[in-house]
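What the coordinates show
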Amino acid sequence: HQLKDVQQVASTHYAFAALRGNGSVVSWGHPDFGGDSFAVEDQLKNVQQLEATHCAFTAILSDGSRVSWGVHETDGSSEVQDRLRNAQEVKATRSAHA
């Protein structure tokens, strides 16, 4: 079963993501709202924290990088992600992660 050793659960309007003790993430629900993390699955390793807006998830990894999936209404450009590489924490509003 994929929902063993769950450390944190985050939700969008129509999807959920669970952070497991081994640093992996399981997501389910409506694909347009982050319920399908297949496109970033290989990047979701060593996750330390999850945050969610109403339509997307962001995972902060142990190396300080972040991975987002779902509907992105904010700038997910590599320039922005580079500036946030050493972020210690991620917080979310209804439509943005910071």
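Here is a short report on the structure shown in this document.

Thresholds, definitions, all that
Residues numbered from 1 in each chain as written. Predicted model: local features only at pLDDT ≥ 70, side-chain atom pairs only at ≥ 80, totals over all residues. Heavy atoms only, no water. Helix = DSSP H or I, 4+ residues; strand = E, 2+ residues; numbered from the N terminus. Buried < 20%, exposed > 50% of the residue type's maximum accessible area, 1.4 Å probe, protein only. Contact = heavy atoms within 4.5 Å. Areas by Shrake-Rupley, 256 points an atom, 1.4 Å probe, with all protein chains shown as cover. Polar contact = N/O pair within 3.5 Å; in protein donor to acceptor, adjacent residues only side chain to side chain. Pairing = 2+ DSSP bridges. Axes fitted to C-alpha atoms, helices over the stretch in contact; angles between N-to-C directions.

Counting its regular elements, the chain contains one helix and six strands. The buried share of the chain, taken over its 98 residues, is 42%. Relative to all contacts within the chain whose residues are 6 or more apart in sequence, the contacts with residues 24 or more apart total 36%. As presented, the chain carries roughly 5800 Å² of accessible surface, and 47% of it is formed by carbon and sulfur atoms.

Looking at where Asn22 falls in the secondary structure, it is placed in the loop between strand 2 (15–20) and strand 3 (25–29). Separated by 26 residues in the primary sequence, Asn22 and Gln48 have C-alpha atoms spaced 9.7 Å apart. Only 2.6 Å separates the side chain of Asn22 from the side chain of Ser24, close enough to count as a polar contact.

If you walk across this open sheet you meet the three strands as 4-5-6, and the pairing is antiparallel. The sheet terminates laterally at strand 4 (47–52) and strand 6 (66–70), the two strands that pair on one side only. Taken over all neighbouring pairs, the strand axes of this sheet differ in orientation by 20 degrees on average, direction set aside. Across five bridges, the pairing between strand 4 and strand 5 (residues 56–61) is antiparallel. The residue bridging Ala52 from the neighbouring strand is Phe57, located in strand 5.

Any functional reading would require information beyond the geometric quantities listed.
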